[in-house]
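Below are the chains, spelled out letter by letter.
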Amino acid sequence: MSELPELTKAEYKILNVMWGEGEFSIREVHETLDSDWALSTTKTNIERMHRKGLLHRRNLHGMNVYRPAITRPVGLARWVRFFADHVLGMDTRAVVSMFGKSENISDEELAELEKLSARLKDED
């Protein structure tokens with residue numbers, strides 16, 4: 001898997017539920033999601049994400065549990081780049097700096113996002 005994956009909206013929604021601590025069953029993710037998906041849709045997405053290398057899976061007492069295989073900054077990097085380039089028409093660094101005001105992203109995550117965004121800029 002590429003270090004900076006292109007996430008679909010559904011993949012991002014699932015990862016956003018899971019970033020943090022712990023492991024989650026499919027049902028736990030499904031019940032936390034703010035969507036009208038059927039449980040089978042959540043299961044399909046999670047299984048697909050596992051195959052793509054976005055999630056780690058292990059068996060815990062006969063039930064599969066999942067945890068993210070990528071960090072929040074890795075998941076956000078391409079979204080931030082797309083938003084900066086195609087929505088705001090701004091430099092990616094300016095958009096990344098907006099995250100500094102968020103309580104949802106730590107200083108360490110912000111530093112990682114800045115590095116990843118710079119790497120994307122260098123790939124142009």
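Since the model is a prediction, treat every value here as computed from it, not as a measurement.

Colleague: Hey, could you run me through the overall build of the chain in this one?
Modeller: What the chain contains, in helices and strands, is six helices and two strands. Moving toward the C terminus, one meets the helices and strands of the chain in the order α-α-α-β-β-α-α-α. Projecting the C-alpha coordinates of the chain onto the three principal axes gives extents of approximately 45 × 30 × 25 Å. Taken over 124 residues, the chain has a buried fraction of 36%. For the chain, contacts bridging at least 24 residues in sequence account for 52% of all contacts bridging at least 6. Side-chain charges in the chain split into 18 positive and 21 negative, and the spacing between the mean points of these groups amounts to 5 Å.

Colleague: Please clarify how a nonpolar patch on the surface should be interpreted in this entry.
Modeller: A cluster of nonpolar side chains, Phe82, Phe83, Val87, Leu88, Met90 and Met98, forms an exposed patch at the surface whose accessible area comes to about 520 Å². Counting residues per element, the nonpolar patch draws most heavily on helix α4 (residues 72–88), at four residues. Considering the arrangement of structural elements, one finds Phe83 in helix α4. With a relative accessible area of 38%, Phe83 lands in the partly exposed category.

Colleague: Looking at this structure, how should I read α4?
Modeller: Because an α-helix completes one turn every 3.6 residues, residues spaced three or four positions apart along the sequence face the same direction. Of all the bends found along α4, the most pronounced is centred on Arg78 and spans about 25 degrees. Within the sequence span of α4, burial applies to Arg72, Pro73, Val74, Gly75, Leu76, Ala77, Val80, Arg81 and Ala84. Among the residues trailing α4, Gly89 stands out with phi positive, at a value near 65 degrees.

Colleague: Explain the nonpolar core to me, please; I cannot follow it from the model alone.
Modeller: Nonpolar side chains tend toward joint burial in soluble globular proteins. Core analysis: the biggest nonpolar cluster contains 28 residues, and Ile14, Leu15, Met18, Val29, Ile46, Leu55 and Leu113 have the highest contact counts within it. Residue assignment for this core shows that the elements contributing at least two residues are α1 (9–18), α2 (26–32), α3 (39–52), α4, α5 (92–98) and α6 (107–123). The biggest single contributor to this core is α4, with five residues. Val29 has contacts with Ile14, Val17, Met18, Phe24, Thr42 and Ile46, leaving out every residue within four places of it along the chain.

Conventions used here
Residues numbered from 1 in each chain as written. Predicted model: local features only at pLDDT ≥ 70, side-chain atom pairs only at ≥ 80, totals over all residues. Heavy atoms only, no water. Helix = DSSP H or I, 4+ residues; strand = E, 2+ residues; numbered from the N terminus. Buried < 20%, exposed > 50% of the residue type's maximum accessible area, 1.4 Å probe, protein only. Contact = heavy atoms within 4.5 Å. Lys, Arg positive; Asp, Glu negative; His and termini not counted. Charge placed at Lys NZ, Arg CZ, Asp CG, Glu CD. Patch = residues over 30% accessible without salt bridge, like charges linked within 9 Å, V, L, I, M, F, W, Y side chains within 5 Å. Areas by Shrake-Rupley, 256 points an atom, 1.4 Å probe, with all protein chains shown as cover. Salt bridge = Lys/Arg side-chain N within 4 Å of Asp/Glu carboxyl O. Bend = angle between axes of the 7 residues up to and from the residue. Core = buried A, V, L, I, M, F, W, Y, C linked by side-chain atoms within 4.5 Å.

So far we have only geometry, and geometry alone does not tell us how the molecule works.
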